[in-house]
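# Overview (structure and organization)
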Amino acid sequence: LIVGGGLTGLWAAIEAKAADPAADVVLLEGHEIAFGASGRNGGFFSESLTHGVAHGLSLWPREMPTLLRLGRENISEIIDFLAAEGIDARLRMCGKTAVAVKPHQVAELRASTALHVEFGESAVMLDADEVRADVDSPTYLAGMRVRSGGGLLDPALLCWGLKRAALARGVRIHEHSPVVHLEQGSSGVVVRTDHATATARTVLLATNAYPPLLRRLRARVLPIYDHVLVTEPLTPRQLAEIGWPESQGMTDAGNQFHYYRRTADDRILWGGYDAVYYFGNRSDPSREQRDRSHGLLAAQFFETFPQLEGLRFTHRWAGLIDSTSRFTPVFGTAMAGRLGYAVGFTGLGVGASRFGARTALDLLAGRSTERTELELVRRKPVPFPPEPLRFPLVQFTRAALAREDIAGRRGLWLRTLDRFGIGFNS
């Protein structure tokens, strides 16, 4: 039984059937498939399992060649699966561009470009004129164009396609069936919803940022609201003013960064920067509309693209990101090995969720694989402190990250976190 119908849960259902076609696989989803972050994220599709090359090197330098290979194999296998199943998720392997908007970020991008090239990526450094010849913004001081390693897709179409693939394999999917309690029984794990009870031999927990059904995960995963705006469609003249002929994904190079992309109908999706944590891990639908955050995003959009002044925003929302203290997932088992979990993808789960699902299935089955032997899997991230300490520490860290974005210097607090392997450097 799988709890959660996002990308991790859908991939887990498909992979469980691939491992044992006779297995009875049930997936319970509290809302509808693609309801949460899996269906309404920015659609950035990345090979990275480590939240970037530099971040991975800082945590697992000896494993990086293996992690890079596994990430590339994972994306290649996803592409092959989508083709074989006829799933049109509007996938384009167009890479991305990261831009410097502060002087100190230019040197950081130059070092990042060299690192990408060293590890086999197709990356080039662009000066201000070159990056603005591609996508025109007066805020751009330099850029790193990476043509390998990922691209863009429509995440909702991906989820709906995986749902069809799972159903075709005999997976039983029950939507609008939120699980309210888990407990270990004599013959498995007892799973309760408001209207039914089921006993499963094994359970895979794929709830990510939503309130964890396993108490120990409350200290491992931080739910953070990430805010998004979408514009009305641009006119041909407006498109000509900014360029962007390859429609690749874009990010800026700060700690508090924006991510943005063109959509299939020539809108611009613009999100990120003002990630918000609420005291006590609170998460409810009312927090998906925050005028202050959406207003800030709108102002920053027009700072980036002043030539689009007057463009209207037709959609806005916020979604929950499941962050761990090291910005990469946490894996494990509980209830005498009958419950497995893979949570904490921190915004890069569109591709990595399949790797996470397969790893969690390995752990549940007691299989020793290349994945389960990784330090990334065996060693858990540092837990977040409980409230009332958690909220002020998160705010203090956010302020430190903002200061680094302005001054380009990593302060004492962030350097201390680095020494303890806490990944606030992405």
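For the structure itself, look to the data block above.
Below, the structure is looked at part by part. (Residues numbered from 1 in each chain as written. Predicted model: local features only at pLDDT ≥ 70, side-chain atom pairs only at ≥ 80, totals over all residues. Heavy atoms only, no water.)

## Description of the sheet that holds strand S9 (residues 179–184)
The test is simple: Should DSSP find at least two bridges between two strands, the strands are taken to pair. Counting from the N terminus, the helices are the DSSP runs of H or I reaching at least four residues and the strands are the DSSP runs of E reaching at least two. Under this scheme, a helix contributes an axis fitted over its contacting stretch, all axes are lines through C-alpha atoms, and angles between N-to-C directions fall in the 0 to 180 degree range.
One open sheet holds the three strands; their spatial order is S9-S10-S11, and the pairing between them is antiparallel. Edge positions in the open sheet fall to S9 and strand S11 (197–200), since each of these has one partner strand only. The sheet shows a mean angle of 20° between the axes of neighbouring strands, direction not considered. Pairing geometry for strand S10 (residues 189–193) and S11, over four bridges, is antiparallel. The residue of S11 that forms the bridge with Arg 192 is Thr 197.

## Notes on the packing of helix H3 (residues 64–85) against helix H9 (residues 349–365)
For any two helices packed against each other, one specifies the inter-axial angle together with the distance between the axes. Note the cut-off: By definition in this entry, angles of less than 35 degrees are roughly parallel, angles greater than 145 are roughly antiparallel, angles of 65 to 115 are roughly perpendicular, and the rest are oblique. Two residues qualify as a contact provided that any one of their heavy atoms is within 4.5 Å of a heavy atom in the partner residue. Nonpolar residues are Ala, Val, Leu, Ile, Met, Phe, Trp, Tyr, Cys and Pro. Charged residues are Asp, Glu, Lys and Arg, and all others, Gly as well, are polar.
As a packed pair, H3 and H9 sit with axes 9 Å apart at the nearest point and diverge in direction by 105°. As far as their axial angle goes, H9 and H3 are roughly perpendicular. Contacts from Leu 70, Asn 74, Ile 75, Glu 77 and Ile 78 in H3 reach Gly 351, Ala 352, Arg 354, Phe 355 and Arg 358 in H9. Considering only residue class, the contact of H3 with H9 consists of five nonpolar, two polar and three charged.

## Details of the pairing of strand S18 (residues 330–334)
Along a regular strand, successive side chains alternate from one face of the sheet to the other. Keep this limit in mind: Three exposure classes are used, based on accessible area relative to the maximum for each residue type with a 1.4 Å probe and protein chains only: buried under 20%, partly exposed in between, and exposed over 50%.
Counting buried positions over the five residues of S18 gives four, a clear majority of the element. Bridge analysis of S18 against strand S19 (residues 339–343) gives five bridges, and the strand direction is antiparallel. Bridge pairing links Gly 332 to Tyr 341 in S19. Counting the residues that bridge the hairpin from S18 to S19 gives four residues, and of these Met 335 lies at a positive phi of roughly 55°.

## Comments concerning helix H4 (residues 103–118)
The criterion, for reference: Multiplying one less than the number of residues by 1.5 Å gives the expected span of a helix.
For H4, built from 16 residues, the straight-helix expectation of 22 Å at 1.5 Å per residue is met to within 8% by its first-to-last C-alpha distance of 24 Å. Looking at the buried side of H4, the elements it contacts are helix H2 (53–59), strand S4 (96–100), strand S5 (123–127), strand S6 (142–146) and helix H11 (390–407). Positive phi shows up at Gly 120, right after H4, with a value of about 85°.

## Let's talk about the packing of aromatic side chains
The test is simple: Each Phe, Tyr or Trp ring, with Trp reduced to its six-membered ring, pairs with another whose centre is within 6.5 Å; inter-plane angles below 30 degrees give stacked pairs, above 60 give edge-to-face pairs, and intermediate values give tilted ones. A ring is scored as having a charge over it whenever the NZ atom of a lysine or the CZ atom of an arginine sits within 6 Å of its centre and within 35 degrees of its normal.
In the structure shown here, the tally under the stated rule is 16 aromatic pairs. With centroids separated by 5.7 Å and ring planes inclined at 75°, the aromatic side chains of Tyr 225 and Tyr 278 adopt a geometry described as edge-to-face. Of the two residues, Tyr 225 sits in strand S13 (residues 222–231) while Tyr 278 sits in the loop between strand S16 (268–272) and helix H8 (291–304), which places them 53 residues apart along the sequence. The buried category is assigned to Tyr 225, whose relative accessible area is 2%. What makes Tyr 278 buried here is its relative accessible area of 15%. Within the aromatic cluster, the residues linked to one another by ring pairs are Trp 244, Tyr 260, Trp 270, Phe 301, Phe 302, Phe 305 and Phe 313. Its guanidinium or amino end placed over the ring of Tyr 278, Arg 287 lies 4.4 Å from that ring's centre, counting from NZ or CZ. The ring of Trp 11 has Arg 354 sitting right over it, with the charged end atom 5.7 Å from the ring centre.

## Looking at the state of the cysteines
Inclusion rule: Any cysteine sulfur atom paired with another within 2.5 Å is treated as part of a disulfide.
Under the criterion given, the structure shown has zero disulfides. Cys 94 takes part in no disulfide bond, and the closest cysteine sulfur to it belongs to Cys 159, at a distance of 19 Å.

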